[in-house]
Amino acid sequence: MQRVSGNNNWFDRQYISMQLRNLSIPQTAEVLQMGLPTRLTYKSLVDSYSKVLPEDAIRFWKLFGGSKENIFTKALFYAFRLDPSTYKTGLTMVFFKSGDLAKLDEVLK
């Protein structure tokens, strides 16, 4: 981008705002401001924790949850009474407060 002679505006604010929104920067800033720096995809949680759960639980999830990874994750948190204030769910990821993912690991071991 070149600076127009006599114009003190280096950036097109509307264009940059649109780019930031498209990159989900405002949502990322909100999550970090809330103190939720650890983030994992639903898929990675399913891959990690489906191995330690009973086969019946996995079968019911596939039958009733339609194999949706976000449903598995929310059911897992509910079943193990993970405090909802320690995480936030997004479209494709779960965000945790520092150290709270370790609590989930502890419960499942």
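Above this text is the structure in question.
In this report, we go over the structure that sits alongside the text. Just so you know, these numbers come straight off a predicted model, no measurement behind them.

About the thresholds
Residues numbered from 1 in each chain as written. Predicted model: local features only at pLDDT ≥ 70, side-chain atom pairs only at ≥ 80, totals over all residues. Heavy atoms only, no water. Helix = DSSP H or I, 4+ residues; strand = E, 2+ residues; numbered from the N terminus. Buried < 20%, exposed > 50% of the residue type's maximum accessible area, 1.4 Å probe, protein only. Polar contact = N/O pair within 3.5 Å; in protein donor to acceptor, adjacent residues only side chain to side chain. Core = buried A, V, L, I, M, F, W, Y, C linked by side-chain atoms within 4.5 Å. Contact = heavy atoms within 4.5 Å. Salt bridge = Lys/Arg side-chain N within 4 Å of Asp/Glu carboxyl O.

## Brief notes about the environment of Thr86
Argument step 1. One can find Thr86 in the loop between helix 5 (69–79) and strand 2 (87–89).
Argument step 2. Judged by relative accessible area, which is 12%, Thr86 ranks as buried.
Argument step 3. The sequence separation of Thr86 and Leu101 amounts to 15 residues, and the corresponding C-alpha distance is 8.9 Å.
Argument step 4. At a separation of 2.6 Å, a polar atom in the side chain of Thr86 contacts the main-chain carbonyl oxygen of Asp83.

## Overview of the nonpolar core
Argument step 1. Counting 16 residues, the largest nonpolar core has Tyr49, Phe72, Leu76, Phe77, Val94 and Phe96 as the members making the most contacts within it.
Argument step 2. Of all the secondary structure elements, the ones that give two or more residues to this core are helix 3 (42–49), helix 4 (55–64), helix 5, strand 3 (93–96) and helix 6 (100–108).
Argument step 3. With four residues, the single largest contributor to this core is helix 3.
Argument step 4. Setting aside anything within four residues of it in sequence, one finds Phe77 in contact with Leu45, Leu82, Tyr87, Val94, Phe96 and Leu104.

## Overview of the pattern of salt bridges
Argument step 1. As enumerated under the stated definition, the model contains two salt bridges in all.
Argument step 2. Here Lys43 makes a salt bridge to Asp47, at a shortest N to O gap of 3.1 Å. Of this pair, Lys43 and Asp47 both sit in helix 3, separated by four residues, roughly a single helical turn.
Argument step 3. Take Lys43: its relative accessible area is 46%, and that puts it in the partly exposed class.

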